[in-house]
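# Overview (structure and organization)
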Amino acid sequence: MTLVAEAENRLSVQFRAIEKLQLHNQAKVLSAFRAHRVEGRHFAGSTGYAYGDIGRDTLDALYATVLGCEAALVRPHIVSGTHALSLCLYGLCRRGTRLLSLTGTPYDTLMATVGIHPDENGIESVMENGVTYVELPLNADRQVDLDAACAVLRQRHDGGTVVYLQRSRGYDWRPSLGIADLESIIAAVKQADPECVVLVDNCYGEFTEEREPTDVGADLIAGSLIKNPGGGIAPTGGYIAGRKHLVERVQYRMTAPGIGAEVGSWPSGYQSFYQGLFLAPHTVGESLKGAVLAAAVFEALGYPVMPAATTAARSDITQSIEFGAQEPLLRFCRAIQAASPVDGHVVPEPWPMPGYQHDVVMAAGTFVQGASIELSADAPIKQPYIGYLQGGLTYQHCALAMMMVLTELLK
Ligand SMILES: *Cc1c(COP(=O)(O)O)cnc(C)c1O
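Read on for a plain summary of the structure.

Cut-offs and rules
Sequence positions are assigned chain by chain, starting from 1 and proceeding in written order. Only residues with pLDDT of at least 70 get local features here, since the model is predicted, and only at 80 or more are side-chain atom pairs given and counted; chain-wide, interface and lining totals rely on the full set of residues. Heavy atoms from the whole structure form the basis of all side-chain values; hydrogens and water molecules are not counted. Only protein chains enter the accessibility calculation, which uses a 1.4 Å probe. A residue is then buried if its area is under 20% of the maximum for its type, exposed if over 50%, and partly exposed in between. Only DSSP runs of H or I covering at least 4 residues are called helices, and only runs of E covering at least 2 are called strands; the numbering of each starts at the N terminus. The handedness rule is simple: strands pointing away from the viewer, and a clockwise path from the first strand over the helix to the second, make the crossover right-handed. Only strands joined by at least two bridges in the DSSP assignment are considered to pair. For this analysis, residues touch if any pair of their heavy atoms sits within 4.5 Å. Whenever a helix is involved, its axis is fitted only over the stretch in contact; in every case the axis is a line through C-alpha atoms, and angles between N-to-C directions fall within 0 to 180 degrees. Angle categories are assigned with fixed cut-offs, so that under 35 degrees is roughly parallel, over 145 is roughly antiparallel, 65 to 115 is roughly perpendicular, and the rest are oblique. Put simply, Ala, Val, Leu, Ile, Met, Phe, Trp, Tyr, Cys and Pro go in the nonpolar bin, Asp, Glu, Lys and Arg in the charged bin, and everything else, Gly too, in the polar bin. For the purposes of this analysis, a disulfide is any pair of cysteine sulfur atoms at a distance within 2.5 Å. One speaks of a salt bridge when a side-chain nitrogen belonging to Lys or Arg is within 4 Å of a carboxyl oxygen belonging to Asp or Glu. Any Phe, Tyr or Trp ring, taking Trp's six-membered ring, that has another such ring centre within 6.5 Å forms a pair; planes under 30 degrees apart are called stacked, those over 60 apart edge-to-face, and the others tilted. For a ring to carry a charge above it, either NZ of a lysine or CZ of an arginine must fall within 6 Å of the ring centroid while also lying within 35 degrees of the normal to the ring plane. Every definition here rests on a 1 Å grid over the protein atoms only: cavities are sets of points where a 1.4 Å probe fits but cannot get out, pockets are open sets enclosed by protein on both sides within 12 Å along at least five of seven lines, and lining residues have some atom within 4 Å of a point. Grid points are joined across faces, edges and corners, and a volume is the space filled by probe spheres set on the points.

## Quick look at the pairing of strand β5 (residues 197-201)
Extensive coverage of β5 is indicated by the burial of five of its five residues. Side chains of β5 alternate between two faces, with V197, L199 and D201 and V198 and V200 buried alike. For the crossover that starts at strand β4 (residues 161-166), traverses helix α7 (residues 179-192) and ends in the parallel β5, the hand is right-handed. Here β5 pairs with strand β6 (residues 220-224) via three bridges, running parallel. Residue pairing across strands places V200 opposite I221, the latter belonging to β6.

## Overview of the environment of L329
On the secondary structure map, L329 appears in helix α10 (residues 326-338). We classify L329 as buried; its relative accessible area is 0%. Sequence spacing of L329 and Y385 is 56 residues, and the spatial spacing of their C-alpha atoms is 6.5 Å. If we skip the residues at most four places from it in the chain, L329 touches F323, A379, I381, Y385, I386 and G387.

## Quick notes on the sheet that holds strand β11 (residues 376-380)
The strand order across the open sheet formed by five strands is β8-β9-β12-β11-β10, and the pairing between neighbours is antiparallel. Either end of the sheet is taken by a strand with one partner, and the two such strands are β8 (305-306) and β10 (360-363). Note that β10 and β11 share four bridges and pair antiparallel. Paired with A363 across the bridge in β11 is A377. Running over the sheet, α10 touches β9 (319-322), β10, β11 and β12 (386-390) and is turned about 30 degrees from β10.

## Focus: the packing of helix α4 (residues 81-92) against helix α8 (residues 244-254)
Relative orientation of the contacting elements α4 and α8 amounts to 105 degrees, with a least axis distance of 8 Å. Overall, the two elements α4 and α8 adopt an arrangement that is roughly perpendicular. Listed contacts from α8 to L87, C88, Y90, G91 and L92 of α4 are L246, R249, V250, R253 and M254. Among the residues making up the contact of α4 with α8, the classes are represented as seven nonpolar, one polar and two charged.

## Some thoughts on the state of the cysteines
Counting across every chain of the model gives zero disulfides. With no disulfide of its own, C69 has C88 as its nearest cysteine by sulfur position, at a separation of 12 Å.

## Details of the pattern of salt bridges
The final tally for this structure, using the stated rule, is 13 salt bridges. Residue R156 is joined to D193 by a salt bridge in which the shortest nitrogen-to-oxygen separation is 3.5 Å. A residue pair is termed long-range when its members are at least 10 positions apart, and R156 in the loop between α6 (146-154) and β4 and D193 in the loop between α7 and β5 qualify at 37 residues. Of the residues examined, R156 reaches a relative accessible area of 51% and is grouped as exposed.

## Brief notes about the packing of aromatic side chains
Counted according to the given criterion, the structure contains 15 aromatic pairs. Feature note: the residues F33, F43, Y274 and F278 constitute an aromatic cluster, connected by ring pairs. Here the guanidinium or amino end of K227 rests over the ring plane of Y204, the centre of that ring lying 4.1 Å away.

## Here we look at the sheet that holds strand β2 (residues 98-101)
The mixed open sheet is built from seven strands, whose spatial order is β1-β7-β6-β5-β4-β2-β3. In this open sheet, the two strands that pair with only one neighbour each are β1 (71-75) and β3 (132-135). Each strand axis lies, on average, 15 degrees off the axis of its neighbour in the sheet, ignoring direction. Contacts from helix α3 (residues 54-66) reach β1 and β7 (238-242), with the element oriented near 125 degrees to β1. In the packing of α6 onto the sheet, contacts are made with β2 and β4, and the angle to β2 comes to roughly 170 degrees.

## Regarding empty space enclosed by the protein
For the structure shown, the criterion picks out two cavities of 30 Å³ or more. Taken as a whole, the largest cavity holds about 40 Å³ of empty space. If you trace the largest cavity, you find it lined by L138, R142, Q143, V144, R174, P175, S176 and L177. For the lining of the largest cavity, a count of residues per class yields four nonpolar, two polar and two charged. When its volume is computed, the second largest cavity comes out at roughly 30 Å³. Contributing to the lining of the second largest cavity are S287, G290, A291, I317, L375, L389, Q390, G391 and C398. With three residues, the top contributor of residues to the lining of the second largest cavity is helix α9 (residues 271-301). Its residues placed into classes, the lining of the second largest cavity shows five nonpolar, four polar and no charged.

This is the structure in structure tokens:
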């Protein structure tokens, strides 16, 4: 397909930059494995309470080193990114705390935790537990409104403030929040209120840049292991990382007061979590190349894309494409599904997915069910019909899928 080949020819600078990023992050991960003297015995499973589970505890320490912070909690029992973030919110926000979101409304699946929408089962949100929630929309340039944020923070709040930032674009037409931007935002909010705690939703962000939010002052971050840091190998799980006393607060929420992270077994062993982390810098780079290719191809066809193929910096693996109508969006998602190694014969349909505000169509023919570090596309069925493409275990798969998409769309 000439459109794909032509796009590739225009992207050599971008691809070289991604390869450099892969090398940097691979070196970082390798050096952490060496520093923690990872051995085959760390992969063994455990049972029961699993006190002193060396595989579990070393994996925590490894993540903390890779993410440049004091402590981490990496668990197969954290069922998803939503669970990891919900644990952080319930763990950090006490009665009287102010929760201040600087990136608009948090990701759809977190609205019930925050209390923006009531939970259908009557579970108390952090707001119902006595938390004051303040939400600042992004400004006209789709950036964090730092002046407004600092003005809020200078009005000290007795119960303290948790500042919430979402790195990835979610289901919004906006750029991801880059690490350099995060660095200056965190410096500014800490200056306005030195006691505030900064929590970052790091889903889809890991290894898309050389540094992570915890390297630039974020107090706590969370993400999913079936996205970037699982490298396409981890079968399930989530992580929370940051300052030790904050990770501790969350770990008592995760299990129970008094037991925290000292218990929790995993009989089938930890090899896939270690191996996934080791592969993650490479896998994320492949996904980034796939996203850049998709941007270039759809730009050439005249569709609005975010981010742009050659001019924009990326701090997540997601590529947004605006289709303008339902039919081409559905055809796009179906072509991505048809290009999948698993369930390639299945036709994805929009459905009211739990936790989402609109019907959503999700194309994910993945080895790990729903893993969006594998090539996948999803879209809420609403105007202006934006498709979100992400993941890809190999660049070659992304390129082949793009050829199939073009065949379908240009029919
Ligand atoms: C994926 C994601 C989440 C959490 O979603 P899960 O499907 O529960 O893992 C939260 N925030 C962002 C920005 C995400 O991309």
